[in-house]
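Residue-level structural notes
Below are the chains, spelled out letter by letter.
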Amino acid sequence: MRHNAPENDGSPEQLDAVTLGRFLAALPAGVTVVHHAGNGAAPLRWVEPSELGDPTPYLLDGEFVLTAGLPFLAGGHTGDHAGTGGSGRSGGLRSGPAAGPDDDGARQGAGGTHQGADAVVDGGPPAQADAYVRRLVAAGVAALGFGLQPYFDAVPEALVEACRNHGLTLVEVPASVPFAALGLEFSKLLESGNAQVFRHLAETNRHLMRAVLSARPEHELLAALTERVPVWAVLVGADGRARARAAAQAGPGTNPRAAVEHSLLQPLVARLLAGSGPRIETGSVDTPDPTLLFGHPLRSTRDATLGALVLGAGKPLTPAQNNVVSAVVGLLELLVRQRTSGSLAPSQLATALLLHPDSLAGGSSRRLNGLKDLLAQSVGGTRSAPVRVVLGLRSGTPAAAPAATEGAVRDLLHWRRIFDTKLVELTDDGFAAVTRLKVDGPLLAEVEQLGWRLVVGAPTELPGLAAAYQRATALRPRVLATASTVREEDLTWSVAGLLGADAGALLAARLLAPVLEQEPARRDAQLLVLRSWLAANGSWDASAKDLGLHRNSVRRQITALAELLDLDLAQAAARAELWFALQFVDSAGQ
């Protein structure tokens, strides 16, 4: 059983949430709220058309369900057949046979009477409507939209009464408004809300960047944190003493006076300094007001605890507030490492800022040119010269990996020399570098002889570094799976291309094994039917025409294949996996 989405409290952290109230207010003229359950502040997750009698297995909480009334037709079909109808996200028009899960079923369900004005008006027995609404409410559905025509001239009274009894908002959608229009309106609202969030996050990151580059970065970072998040903050060194403090303005959810009582924090600080690994320690104090404590260790690349950040708040932080805290913790860790690692730390800090997208958002042209100059100086190139992002990953146990036991300084010096750049960051599974070199020929051979494999990005400039890093990171699993270097420029950017022949063949061999093990004639026939049916998006008629078979024959063969493969072909994910597996059947040894 699912539950309703949490209420929106109107805070900035929920700017991306489209509420039911906002959605209803933005709907086209003619759309009428028949019953409002008072949940206008509830976040709306999606607009979902469905003509299934029970769509709840395919729904997430907080969805707006649309139906033309097919589940309420007397003797109508609400079938769950694979590849037809169901709860798609296409937001398609509500017209003719496309409204139902089966071409023939939809027409028969209306008894052949839904032509012109002769639409059905009764909506079936009240118990049917009551059970339908009860299931939607249990699944956390936010509202139900009922489309008039071609099946009903008005919303059935039994459905209205069920929505009132169970507290489900009910909306009447006239025949002049296609379901696609409602889905489009929701998408516009969602895009607008996300733009607000991105602007808010970009401004926060610019503030943190200014703090890092200030004369007192640790103090300024804490001040920036408490300005954005209602907490007080104490930065503690490895000796347990407070190095910097900051507090938000006094008000609900914060208690700046508690930060003064450092003795109250000693048990939490002791646990932070004594532990290891990524973690968050929690606690509470009651003086002078009840306050929740959150402790974040500041760790070196070798997991030595270099200090800690302790926060106090009157209530748990929201996910967006925790994101800001995580960013501050990461920057504080880099600053602490700079103090302990000497002159190499500025290179690590610069690399981390360049490879993460938010740090460069919204900068002035003067600031951008300054960063371009810094980049050029760091890689030994010019301001206009392209650079590449390179990720290094260990292939098994490196045969002669330098600095494996000699510390981070030796690692950094080695990779800086190899790639002729100062921009190198050590990561948990290797390194990341920004270099002007093409990384091929003798250079690539030297790295691979040391037991490393690389992701070599395409040429880019400073504004594209963040996207280049994301693309390179997406290729890491392929390098680890194949133990081979991957060049972004050599790839075909598709699912099949990114999966690769080896992984694709393994997918086909595993997923299609019961079919591939049959005698050749039967195997080839079944693969042909499956490929045609998937290519037709599960349409019985289209695949039957393509194969020269009767639609019932196609249906029987697909049903037999579903049983043989032990897959539910009504699930889009299952059909997608089969489609990609079919692209590699020859490689799997057919």
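Refer to the structure above for everything that follows.
Cut-offs and rules
Starting afresh in each chain, residues are numbered from 1 along the sequence in its written order. Side-chain atom pairs in this predicted model are given and counted only at pLDDT of 80 or more, local residue features only at pLDDT of at least 70, and totals for whole chains, interfaces and linings cover all residues. Computation of side-chain values: all heavy atoms of the structure, hydrogens and water removed. What makes a salt bridge here is a side-chain nitrogen of Lys or Arg within 4 Å of a carboxyl oxygen of Asp or Glu, nothing more. Where helices and strands are cited, they refer to DSSP runs of H or I of at least four residues and of E of at least two residues respectively, numbered from the N terminus. Here an axis means a line fitted to C-alpha atoms, over the contact stretch when the element is a helix, while the angle between two N-to-C directions is reported on a 0 to 180 degree scale. We call two directions roughly parallel when the angle between them is under 35 degrees, roughly antiparallel when it is over 145, roughly perpendicular when it lies between 65 and 115, and oblique otherwise. Each crossing gets its handedness from the near helix: less than a right angle anticlockwise from the far helix is left-handed, clockwise is right-handed. Residues are treated as being in contact if the distance between any of their heavy atoms lies within 4.5 Å. Three categories are distinguished: nonpolar for Ala, Val, Leu, Ile, Met, Phe, Trp, Tyr, Cys and Pro, charged for Asp, Glu, Lys and Arg, and polar for the others, with Gly belonging to the last. Pairing of aromatic rings covers Phe, Tyr and Trp, the last counted by its six-membered ring, and requires centre-to-centre distances within 6.5 Å; plane angles under 30 degrees mean stacked, over 60 mean edge-to-face, and any other angle means tilted. Think of it in three bands: residues with accessible area under 20% of the maximum for their type are buried, residues over 50% are exposed, and the middle band is partly exposed, with areas taken using a 1.4 Å probe on protein chains only. To form a nonpolar core, buried Ala, Val, Leu, Ile, Met, Phe, Trp, Tyr and Cys residues must be joined to one another through side-chain atoms within 4.5 Å.

1. What to know about the pattern of salt bridges
In a structure, side chains of opposite charge can pair up when their charged atoms sit close to one another. Counted according to the given criterion, the structure contains 17 salt bridges. Note that Asp420 is salt-bridged to Arg436, the shortest N-O span being 2.6 Å. With Asp420 in the loop between helix H11 (408–419) and strand E14 (424–427) and Arg436 in the loop between strand E15 (430–435) and helix H12 (442–449), this residue pair connects regions lying 16 residues apart in the sequence. Measuring nitrogen to oxygen at the nearest pair gives 3.7 Å for the salt bridge that ties Glu489 to Arg487. One network of salt bridges, with partners in common, ties together Glu203, Arg206, Arg210, Glu227 and Arg228.

2. Brief notes about the packing of helix H18 (residues 520–535) against helix H19 (residues 540–547)
H19 packs onto H18 with a crossing angle of 135° between their chain directions and a minimal axis gap of 8 Å. Considering their axes alone, H18 and H19 lie oblique with respect to each other. The chirality of how H18 crosses H19 is right-handed. Along the contact surface, H18 presents Leu528, Val529, Ser532 and Trp533, while H19 presents Trp540, Ser543, Asp546 and Leu547. Of the residues contributing to the contact of H18 with H19, the split by class is 5 nonpolar, 2 polar and 1 charged.

3. Examining the packing of aromatic side chains
Counted according to the given criterion, the structure contains 12 aromatic pairs. Ring geometry for Phe23 and Phe64: centres 5.3 Å apart, planes at 75°, overall edge-to-face. Of the two residues, Phe23 sits in helix H1 (residues 20–26) while Phe64 sits in strand E5 (residues 63–67), which places them 41 residues apart along the sequence. Just as Phe23 is buried, Phe64 falls in that class too. Between Trp415 and Trp452, the ring centres sit 5.1 Å apart and the planes meet at 75°, which makes this aromatic pair edge-to-face. Here Trp415, found in helix H11, pairs with Trp452, found in strand E16 (residues 452–456); they are 37 residues apart in sequence, far enough to count as distant.

4. With respect to the nonpolar core
Counting residues in each nonpolar core, the largest one holds 28 residues, and the members touching the most others are Leu221, Leu222, Leu225, Leu309, Leu311 and Leu332. Secondary-structure elements contributing two or more residues to this core are helix H5 (179–212), helix H6 (217–228), strand E8 (232–237), strand E9 (242–247), strand E11 (291–299), strand E12 (305–313) and helix H8 (319–341). Tallying contributions element by element places H8 first for this core, with 8 residues. Here Leu221 is in contact with Leu208, Ala211, Val212, Leu331, Leu332 and Leu335, once residues within four sequence places are set aside.

5. A look at unusual backbone geometry
Each neighbour pair has its own omega, and for Gln149 with Pro150 the value is 5°, a cis peptide bond. Mapped onto the secondary structure, Pro150 falls in the loop between strand E6 (143–147) and helix H4 (157–166). Backbone geometry at Asp420 places phi at a positive 50°, although glycine is not the residue there. In the Ramachandran plot, Val439 falls in the positive-phi region, its phi being about 60° despite a non-glycine side chain. Along the chain, Val439 falls in the loop between E15 and H12. For Val439, a relative accessible area of 1% translates into the label buried.

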